[in-house]
Amino acid sequence: MVSYLVRRLVTSIIVVVGVSIFIFLLLHAIYPSPARQVLGLSARPAQIDAWNKSNGYDDPVVVQYFRYVGGLLHGNLGFSYTNNQTVFALFSERVARSAYLSGISLVIAVIIALPLGIFQAVKRNSIGDNVATSAAFILYSMPSFFLGLILIQVLAISLPVFNFEATQSTSLWVVIGDWHSMTLPIFTLALISVAAFSRYMRSASMDVLAQDYIKVARAKGLPERLVLTRHLVRNASLPMVTLIGLSLPALLAGNLITESLFNFQGLGLLFFTSLQKVDYPVMLAYTLAGAVLVVVGNLVADIALTVADPRIRLA
Amino acid sequence: MTDISGGAFEMQRMHDGGEVGAIQSGWRLALREFSSNRLAVIGFAILIFFVLFSFVGPLIYHTNQLDTSLTQVNLAPSGAHLFGTDTNGFDELGRVMKGGQAALEIGFFAAFVAIVIGTLWGAASGLAGGIVDSAMMRVVDIFLSVPFLFVVLILAVKFGATVLSLSLVIGGFAWQVPARLVRGEVLTLRERDFVLAARTAGAGSWRLISRHLIPNALGVVIVNVTFQVADAILAVSYVGFLGFGLHFPNVDWGDQLSDGSQYLQDGYWWLIYPVGACIVLTVMALNFIGDALRDAMDVRLRRR
């Protein structure tokens, strides 16, 4: 197990380094220098050259890459000239809010999808299963902004229960307490994951139900309730860990869409405005942060699964 | 049950020493399995409907999608405009058809790009083996870790969104899954006798890949194509919704929904629900087809 984890860790480090090189080169090829944003449209080429020279943007790409990575390791994520703030300051202002939105959505998605998938597998082909399967199919094919628009229409405009805009408060405690404004963004993000998770849980539970140890448990007269809670739930929910790790890219994308739709001041919205303003230090840092989060998330999921599942742990 | 008797009949003929009947190929079996799946047939019908709706529809239902008419803005559905009109006075039904063209074109072209890159990459990696294989698979891992939508948006902003550019960008960042699938197939295929035979006969790597490995790994690729198209259509809708989509006179479904969402409080439902339903139905149809193809290709699930 240890050698597997070490190998897994080494590959993850290689992938993180590779991803940072790739994203840096890609962004560098697209936006070689922020000089135009800093000096304005009327700047002469000579001025731009001088600015590039004094700020190190005319160095070879390799030098610039190592300078950037060196900065990252010291907590310097670059400088956003359009916001006139360091990227680190912009991120640290918003990261808690985005983490809250994504985190609580993920938790709610799992809380809904786990029992739903198990219920569907146990009562397979019943009316409830068919309704849930159809709903999952529709949600799975639905862009999250369309789901968000429907929720706004129904629950904020036709029946004004919730607010159609997320809260604008900068205090995390206000954000957490403001269910009136936060319910719709959270559920927009959660319901999209519920579709994928419950479909997966259903098929995983059906696989487990066909296993011999379930037959043994039933044959020895264990009450069905205990068969489900002791044997089915524990075995079927293990692979969910991997699935959550794999769903991180979708969660990041969903976060971007949801924050834009509900005007929630998080990292996704910051990235969206950086696209509009061609603020590439923010684009670079956020894309890189997203990639690292995906790699680390998958690594943590694999470690958790290895620790939790004796079949892997002892193999 | 007719197929069983048909098979028995063919066997009978073979025993009689008469003409040897063709044994049904795996593809034929898969096709039969596919067409007996109700959801697959529904999905296929919906997909055909949207292809006809988007490409043939405008030939029947003529609308002016070039000149704005400010006297005809945001009209509710009526006999003259079946889906009403949008904020610029364009007929919404005609506009949805135009958006459908973009969605389907980008969806299929992006899937094509992804499948071509992925298949070649996976086959080359699996055939090479050893350290080259590990290196090529780490590249796949790197591409899998890049947040897809972010990069697509960054490139769309820089290079401007056209049907071609969006297809290339989306396809260029979506080939990792087919690459892994094909590599997995190739790893088992390359140990098989017919590959050894081809090698012995002097076949080079390219010939092995193009004539022996890819045709035999095609099953997993075909299953993946439909999911690729579905994902690409969703990706385009996201790009369009965020405002970085196709430029006038072209339009995509996400862009239309974004325009419609400005009027949510005015109750202009026709600007939102028809387009949204089109996205959902098209993507759902493709997912139905993909699921059915996967089941049909999976020998273990096949009814005998």
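Given the structure is predicted, the values throughout are model-derived calculations rather than measurements.

Conventions we followed
Residues take numbers from 1 onward in each chain, read along the sequence in its written order. A letter from A marks each chain and a number from 1 marks each ligand, given out in the order of writing. The predicted origin of the model limits local features to residues at a pLDDT of at least 70 and limits the giving and counting of side-chain atom pairs to 80 or more, whereas totals for whole chains, interfaces and linings rest on all residues. Numbering of helices and strands starts at the N terminus; helices are DSSP runs of H or I of at least 4 residues and strands are runs of E of at least 2. Residues are called buried when their C-beta atom has 20 or more other C-beta atoms within 10 Å, exposed when it has 12 or fewer, and partly exposed otherwise; all C-beta atoms are positioned from the backbone. What counts as a contact is two residues whose backbone-derived C-beta atoms lie within 7 Å of each other. Under this grouping Gly is polar, as are all residues other than the nonpolar Ala, Val, Leu, Ile, Met, Phe, Trp, Tyr, Cys and Pro and the charged Asp, Glu, Lys and Arg. Note on definitions: a nonpolar core is a set of buried residues drawn from Ala, Val, Leu, Ile, Met, Phe, Trp, Tyr and Cys, linked by C-beta atoms within 7 Å. Only the contacting stretch of a helix is used when fitting its axis, a line to C-alpha atoms as for every element, and angles between N-to-C directions run 0 to 180 degrees. Orientation labels follow simple angle bins: below 35 degrees gives roughly parallel, above 145 gives roughly antiparallel, 65 to 115 gives roughly perpendicular, and whatever is left gives oblique. Handedness of each helix crossing follows the sense of rotation of the near helix against the far helix: counterclockwise by less than a right angle gives left-handed, clockwise gives right-handed. As a per-residue measure, pLDDT tells how confident the predictor is, with possible values from 0 to 100. The span expected for a helix works out to 1.5 Å for each residue beyond the first.

## Thoughts on the overall build of chain B
No. 1: A tally of regular secondary structure across chain B gives 13 helices and 0 strands.
No. 2: Helices (α) and strands (β) of chain B occur, in sequence order from the N terminus, as α-α-α-α-α-α-α-α-α-α-α-α-α.
No. 3: Looking at chain B as a whole, 46% of its 304 residues are labelled buried.
No. 4: Considering only contacts in chain B between residues 6 or more positions apart, those separated by 24 or more positions represent 71%.

## Things to note about the overall build of chain A
No. 1: Scanning chain A from N- to C-terminus turns up 15 helices and 2 strands.
No. 2: In chain A, which comprises 315 residues, the proportion classed as buried is 36%.
No. 3: Pairs at least 24 residues apart make up 70% of the contacts formed inside chain A by residues separated by at least 6 positions.

## Side note on the interface of chain A and chain B
Interfaces are often described in size by the accessible area the parts lose on coming together.
No. 1: Taken together, the contact between chain A and chain B spans 34 residues of the former and 31 residues of the latter.
No. 2: Ranked by the residues each element gives to the side of chain A that touches chain B, the list is headed by helix H1 (residues 2-30) of chain A, at 7 residues.
No. 3: Taken together, the residues of the side of chain A that touches chain B sort by class into 28 nonpolar, 6 polar and no charged.

## A short note on the nonpolar core
Residue and element names in this part refer to chain B.
No. 1: The biggest cluster of nonpolar side chains holds 160 residues, and the ones touching the most others in it are Val152, Leu153, Ala156, Ile170, Ala232 and Val239.
No. 2: Here the element with the most residues in this core is helix H5 (residues 92-128); it accounts for 16 residues.
No. 3: Not counting the four nearest positions on each side in its chain, Val239 is found in contact with Val152, Leu153, Ala156, Ala161, Leu166, Phe244, Gly245 and Gly254.

## Remarks on the environment of Ile23(A)
No. 1: With respect to the helices, strands and loops of the structure, Ile23(A) is situated in helix H1.
No. 2: Taking the C-beta count within 10 Å as the criterion, Ile23(A) has 25 such neighbours and is therefore assigned buried.
No. 3: Separated by 79 residues in sequence, Ile23(A) and Ser102(A) have C-alpha atoms that sit 24 Å apart.
No. 4: Every residue in contact with Ile23(A), bar those within four places of it in the chain, is listed here: Leu284(A), Thr287(A), Leu288(A), Ala291(A) and Val146(B).

## Examining the packing of H1(A) against helix H6 (residues 130-145) of chain B
No. 1: It is the contact of H1(A) with H6(B), at a shortest axis distance of 9 Å, that shows an interaxial angle of 65°. Taken together, the axes of H1(A) and H6(B) are roughly perpendicular relative to one another. Note on packing geometry: the crossing formed by H1(A) with H6(B) is right-handed. When H1(A) is examined against H6(B), the residues Ile14(A), Val15(A), Gly18(A), Val19(A) and Phe22(A) are found in contact with a partner set consisting of Arg138(B), Asp141(B), Ile142(B) and Ser145(B).
No. 2: Taken together, the residues of the contact of H1(A) with H6(B) sort by class into 5 nonpolar, 2 polar and 2 charged.

## Considering the environment of Glu93(A)
No. 1: Summarising the element assignment, Glu93(A) is placed in helix H5 (residues 87-122).
No. 2: Accessibility expressed as a C-beta count within 10 Å gives 15 for Glu93(A), which makes it partly exposed.

## Let's talk about unusual backbone geometry
All names here are of chain A.
No. 1: With a phi close to 65°, Asn125 is a non-glycine residue in the positive phi region.
No. 2: Mapping Asn125 onto the fold places it in the loop between H5 and helix H6 (127-140).
No. 3: One non-glycine residue with positive phi stands out, namely Asn263, at about 55°.
No. 4: Locating Asn263 in the fold gives a position in the loop between helix H12 (248-262) and helix H13 (267-276).
No. 5: Judged by the 13 C-beta atoms lying within 10 Å of it, Asn263 is partly exposed.

## A few points about the confidence of the model for chain B
No. 1: Looking at chain B as a whole, the pLDDT averages 81, with 89% of positions reaching at least 70.
No. 2: Ignoring residues within four places in sequence, the model shows residues 1-14 of chain B, a span with pLDDT below 50, making 7 contacts including any to other chains.

## Observations regarding helix H4 (residues 61-73) of chain A
No. 1: Between the first and last C-alpha of H4(A) there are 18 Å, a value that for 13 residues agrees with the 18 Å anticipated at 1.5 Å per step.
No. 2: Gly75(A), located one to two residues past H4(A), shows a positive phi value of around 80°.

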